[in-house]
Amino acid sequence: MEEPKKDLTYYLGLPYTIEVIRDDDEVNPGWVARVVELPGCITQGDTFEELGEMIDDAMRGWIEIALDDDIPVPEPRPQEEYSGKFVVRVPK
C-alpha cells in the first residue's frame, strides 16, 4: 500500500492536540490556543468562538512554512491506551 503524500492537506487532516487557555489579563482578556506538537504554533483571540478559525489559520501557516523550508513537520502523538485499572497502596 502506498504511503499518502505528506502535503499541507495531509497534515491539516491529522488530529493534532490543541490546548486552549483562558487569558484573564485585566487589560487584554481573551483566549489563547496552541498546537502542542507544532512548536511556536499559537494564536490569541478575544472570544472562544473565534479561536477555531484562528488556530486553523495558524496551523496552515506553520505547516506551509515548514514544508517550503524542508523542515520536518511533527505528526500528532498517538493516543495512549489505558487498561482502566489503577492500583493504590495503603498502609495496613
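Right, let's walk through the structure included here.

## Re the overall build of the protein
Reasoning step 1: If you tally the helices and strands in the protein, you get two helices and three strands.
Reasoning step 2: Traced from its N-terminal end to its C-terminal end, the protein shows the element sequence α-β-β-β-α.
Reasoning step 3: The burial tally for the protein puts 23% of its 92 residues in the buried class.
Reasoning step 4: Pairs at least 24 residues apart make up 34% of the contacts formed inside the protein by residues separated by at least 6 positions.
Reasoning step 5: Accessible area of the protein: about 7700 Å², with a carbon and sulfur share of 52%.

## Structural notes on a nonpolar patch on the surface
Reasoning step 1: Judged by side-chain polarity, Ile18, Val20 and Phe48 come together as a nonpolar surface patch covering roughly 250 Å² of accessible area.
Reasoning step 2: The topology assignment puts Ile18 in strand β1 (residues 18-23).
Reasoning step 3: With a relative accessible area of 39%, Ile18 lands in the partly exposed category.

## Notes on the nonpolar core
Reasoning step 1: In this structure, Tyr11, Tyr16, Val35, Leu38, Met59, Ile63 and Val73 are the most contacted members of the largest nonpolar core, which totals 15 residues.
Reasoning step 2: Those elements giving two or more residues to this core turn out to be α1 (8-12), β2 (30-35) and α2 (51-68).
Reasoning step 3: Not counting residues within four places of it along the chain, the set of residues in contact with Tyr11 comprises Lys6, Tyr16, Ile63, Leu67, Val73 and Glu75.

## A word on the sheet that holds β2
Reasoning step 1: With respect to topology, three strands assemble into an open sheet ordered β1-β2-β3, the strand pairing being antiparallel. At either end of the open sheet lies a strand with only one pairing partner, and these are β1 and β3 (42-45). Within the sheet, the average angular offset between the axes of one strand and its neighbour, ignoring direction, is 20°.
Reasoning step 2: Where β2 lies against β3, four bridges are found, and the strand directions are antiparallel. By the bridge assignment for β3, Val32 is matched with Gln44.
Reasoning step 3: This element, α2, spans β1, β2 and β3 of the sheet and lies at about 155° to β3.

The rules behind the values
- Residues numbered from 1 in each chain as written.
- Predicted model: local features only at pLDDT ≥ 70, side-chain atom pairs only at ≥ 80, totals over all residues.
- Heavy atoms only, no water.
- Helix = DSSP H or I, 4+ residues; strand = E, 2+ residues; numbered from the N terminus.
- Buried < 20%, exposed > 50% of the residue type's maximum accessible area, 1.4 Å probe, protein only.
- Contact = heavy atoms within 4.5 Å.
- Areas by Shrake-Rupley, 256 points an atom, 1.4 Å probe, with all protein chains shown as cover.
- Patch = residues over 30% accessible without salt bridge, like charges linked within 9 Å, V, L, I, M, F, W, Y side chains within 5 Å.
- Salt bridge = Lys/Arg side-chain N within 4 Å of Asp/Glu carboxyl O.
- Core = buried A, V, L, I, M, F, W, Y, C linked by side-chain atoms within 4.5 Å.
- Pairing = 2+ DSSP bridges.
- Axes fitted to C-alpha atoms, helices over the stretch in contact; angles between N-to-C directions.

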